[in-house]
Amino acid sequence: MPQAVAAAVVAAVGITGFAATIGTAVIAAAINVGVGLLVSALGSGRTKGNLTPNPVQLRDRTQQVRQPITARRVWLGEGRFSGPVIHLESTNSNKFLHIGIALATHEIAGLDTYYLDDDPIFADDLNASGLVTAGKYKNKVRIKPHLGTAAQVADADLVAESAVYTSSDRGRGVAWVYLRLEFDQKLFPSAVPNVSVVGRGSNQIADPRDASTGYSSNAVLLFNHYLTNWYDGGRGAAIPSAKVEESYTTAGANISDEVVSAKAVTHTVSAVSASDDALDLEGEVLEFFREDRVTIASTGSLPAGLPATGYVIPVRRESTSHKALRIQIAETMADARDGVAVDITDAGSGTITLTKTGEPRYRIDGGIDLDQPPATIMEDLLTAMGGVAPYIAGTWRIYPAAYRAPVEHFIDDEHLRSSLKVRSRTPRRDRFNAVKGLHVSPLAFDQPDEYPLVTVAAYETADGERIVTDLDLPYTARPNAAQRLARIHLERSRREIVAEGDFDIIAMRVVAGDTIKLTHAVYGWSEKVFEVFDFDWRLQERDGQPDMVCHLRLRETDANVYAFDTGDEVGKPPAARTNLPNFFDVSPPQSLAVGTAVSTTAAGDLVYSIVVSWAEAVNALVLNDGAYELRYKRSASGVWQPTARYDGSATRAVIAGVDYGVQYDIEVRAITYVGGQSNWEPIEGYTVGSSTAGVTEINDFGPVTETVTTTKDLGAVTDTVTETLDGGPVAA
């Protein structure tokens, strides 16, 4: 049908012979496909204004939701996510709460960390059954990940314990996580905590470079993945893979994998675990990302097996009271992507430091909610590589932001078929010299955060003031990458010459996204480089004959648009952890010590007591109107005996009426004034009569309560003592 339409157009204008053949083909292509260009905010012809992508992709990804209808989500790259609650049930008379959270509408590569509200539980905190074995949730939480494989089966533990979940509820093709929480008012004061996870997303990413399929965060490969997939629910772009030019995908993927220099960030190693092939690091938040290149140095010797330069595999992205930051090292970027660590065989010596020296150029880390139009989603994804995706003659090409050598040279007298319209300067209303915006980064605990402002002093001077534009980057986690993309956007806008005109049929060899050289005597251009950002074909008359021309819209460019000096980069420290009071997060008493006190009754009997002491509370919520609670038992007995509550300002308590020589277990906990309780701090197997804090002896004959009624004075003794009697020592 389109060919017939094209033939009709040709006949109408009277084209015959060879020209008609070419005209039919060209017009058919134009009618069949159209001529268009999908661009990101960075690659568009726009220069100013709010270039913020779809705000849906910046909304809180870590918040679980409870509603009957929610959008399916595609998880690309690495990040922290939650999702809709798909199972919520209490069992065992409300002792256990069972929660299921859907994470993605496809199989994912793996989960590394689980969050209950903002408290992390690491994968190495779980035993083989999923029970938490360390930290505040020890023995209180069970976690079972399900990665969404095609052969996925129902969770056996939930089937056994649930009244409604059955073996038919397999969730095949859906990644989800199941948690069982044991009731504890101190641990779960809000009843149902918010559950989120950190991990790696889709492992179904095709790579034409080696015909493999697996996990990747390569920006071009992930864009290609979305472009060519349907997804359950039918909201993917679903372009046949044959309609995406593979050679451009391969070239773009290589650009995305290039290691670019980055501002130095250093972590110091606090411990080496040869058994886990891991390095524990000092600090609260990990400032390295997966696939970052680091150099490794030591004041002594490096651990055996550890290279001097390697690539980062994150294990723990933040520290807790019981676990340090942790990473592993891979020899190559591909090994870091796949989680293949080098084998460390000893701890080395001296102070070991790791310094970041580079990172992959373009990565996508984020989620796609499939209730958004495909065109909107693709535009958002392109922001992560500053790229363009032209749709030409029925096929797609993917171009990440990079300088491309000109493919053609056009000379005014030879190739121009019209006058050239030129805009030499961007209007004031569209100018800017600084770029700011939001991105989502683990350095900000996976919440939207501003990346450092990008500006150039010379541009501010030329404009007479700072003029800021917004550019949000919802799929860019690294602040360094965000600054590079913002700088490309700024430099593109400062290449202000925009030209358009009709060129001869030779221009059919270029497409949107290509660069060309243009020589034009009037404007003094000799092989000046322009980027084609739009074009269309037109049929017009020339010297009484039909003439096919290509109308090009051009924007000047050069290699310096994409050059970025790390000296221009602004370091982005991790966001400070919130310091708001947590009424239910209470540290146990410190410096616990015990001793024995002995008192004597009026009848001469000895009474033994245990004296317990601890350091003064540092938590103001305990010190002011809080309390301490003690309990004790014979070590051989299983029955705890409570004592009275003690004021939060107290540092000492007495347990009276214990038996000499008997072993006791004693526990003390702190309580805030609103009822938050610490864990019990124990002293086990204390023997009455021994001491960890010194024995105190008290001779107490009791109070005098009777009134003295008679006194007798026998006078002073004046006689000399003349006889003494020594009965000898008391031997028994």
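Above this note sits the structure.
Computed from a prediction, not measured in an experiment: that's the story for all the values here. (Residues numbered from 1 in each chain as written. Predicted model: local features only at pLDDT ≥ 70, side-chain atom pairs only at ≥ 80, totals over all residues. Heavy atoms only, no water.)

Asks: An account of the sheet that holds strand 6 (residues 108-116) is needed here, citing residue identities and associated values.
Replies: Strands sit in the order 3-10-6-7 across an open sheet of four strands; the sheet is antiparallel. Looking at which strands have only one partner, the edges of the open sheet turn out to be strand 3 (78-81) and strand 7 (119-122). Recorded for the sheet is a direction-independent mean angle of 30 degrees between the axes of neighbouring strands. Taken together, the four bridges between strand 3 and strand 10 (residues 195-202) define a ladder with antiparallel strand orientation. Paired with Arg 80 across the two strands is Val 198, which belongs to strand 10. (Pairing = 2+ DSSP bridges. Helix = DSSP H or I, 4+ residues; strand = E, 2+ residues; numbered from the N terminus. Axes fitted to C-alpha atoms, helices over the stretch in contact; angles between N-to-C directions.)

Asks: How would you sum up the packing of aromatic side chains? Please name residues and give values.
Replies: Evaluation of the coordinates by the stated rule reveals twelve aromatic pairs. Here Tyr 165 and Trp 176 contribute two aromatic rings whose centre-to-centre distance is 6.2 Å and whose plane-to-plane angle is 50 degrees, an arrangement assigned as tilted. Highlighted residues: Tyr 165 in the loop between helix 3 (156-161) and strand 9 (175-182) and Trp 176 in strand 9, separated in sequence by eleven residues. For Tyr 165, a relative accessible area of 9% corresponds to the buried category. Ring geometry for Tyr 248 versus Tyr 399: centroids 5.5 Å apart, planes at 80 degrees, classification edge-to-face. Residue Tyr 248 is found in helix 5 (residues 246-257), and its partner Tyr 399 is found in the loop between strand 22 (395-396) and strand 23 (408-411); the two are separated by 151 residues along the sequence. Among the residues examined, Tyr 399 registers a relative accessible area of 5% and is labelled buried. Put simply, the rings of Tyr 523, Trp 525 and Phe 530 touch in pairs and so form one group of aromatic residues. Just above the ring of Tyr 459 sits the side chain of Arg 494; from NZ or CZ to the centre is 4.6 Å. (Phe/Tyr/Trp six-rings, centres within 6.5 Å; stacked < 30°, edge-to-face > 60°. Buried < 20%, exposed > 50% of the residue type's maximum accessible area, 1.4 Å probe, protein only. Lys NZ or Arg CZ within 6 Å of the ring centre and 35° of its normal.)

Asks: Lay out the nonpolar core with the relevant residues and their values.
Replies: Counting 48 residues, the largest nonpolar core has Phe 223, Tyr 226, Ile 368 and Leu 381 as the members making the most contacts within it. Among the elements of the structure, strand 2 (73-76), helix 4 (219-227), helix 5, helix 7 (374-382) and helix 10 (479-494) are those that each provide at least two residues to this core. Discounting residues that sit within four places of it in the chain, Leu 381 has contacts with Leu 76, Phe 223, Tyr 226, Ile 364, Ile 368 and Tyr 475. Judged by nonpolar contacts, the second largest core, of 26 residues, contains Trp 75, Val 85, Tyr 114 and Val 197. (Core = buried A, V, L, I, M, F, W, Y, C linked by side-chain atoms within 4.5 Å. Contact = heavy atoms within 4.5 Å.)

Asks: Summarise the layout of surface pockets; cite the residues concerned and give the values.
Replies: Within this model, the second largest pocket holds a volume of roughly 530 Å³. Lining the second largest pocket are 24 residues, and of these Thr 70, Ala 71, Arg 72, Gly 83 and Pro 84 sit closest to its centre. Among the elements of the structure, strand 4 (85-91) and strand 5 (96-104) are those that each provide at least two residues to the lining of the second largest pocket. Ranked by residue count, the leading element in the lining of the second largest pocket is strand 5, at three residues. For the lining of the second largest pocket, the class distribution of residues is eleven nonpolar, six polar and seven charged. (1 Å grid on protein atoms, 1.4 Å probe; cavity = no way out; pocket = protein on both sides within 12 Å on 5 of 7 lines; lining within 4 Å. Points joined across faces, edges and corners; volume = space filled by probe spheres on them. Nonpolar A, V, L, I, M, F, W, Y, C, P; charged D, E, K, R; others polar.)

Asks: Tell me what's going on with the environment of Tyr 608, and back it up with residues and numbers.
Replies: Along the polypeptide, Tyr 608 turns up in strand 35 (residues 606-613). Setting aside chain neighbours within four positions, we find Tyr 608 in contact with Thr 596, Ala 597, Val 598, Ala 656, Gly 657, Val 658, Tyr 660 and Val 688.

Asks: Tell me about empty space enclosed by the protein, and please be specific about residues and values.
Replies: The tally for this structure, following the rule as stated, stands at seven cavities of 30 Å³ or more. Roughly 260 Å³ of internal volume is contained in the largest cavity. Considering the residues around the largest cavity, the lining is formed by 22 residues, among which Glu 78, Phe 289, Arg 317, Pro 442 and Ala 477 are closest to the centre. For the lining of the largest cavity, the element with the most residues is strand 3, which contributes four residues. Split into classes, the residues belonging to the lining of the largest cavity amount to nine nonpolar, three polar and ten charged.

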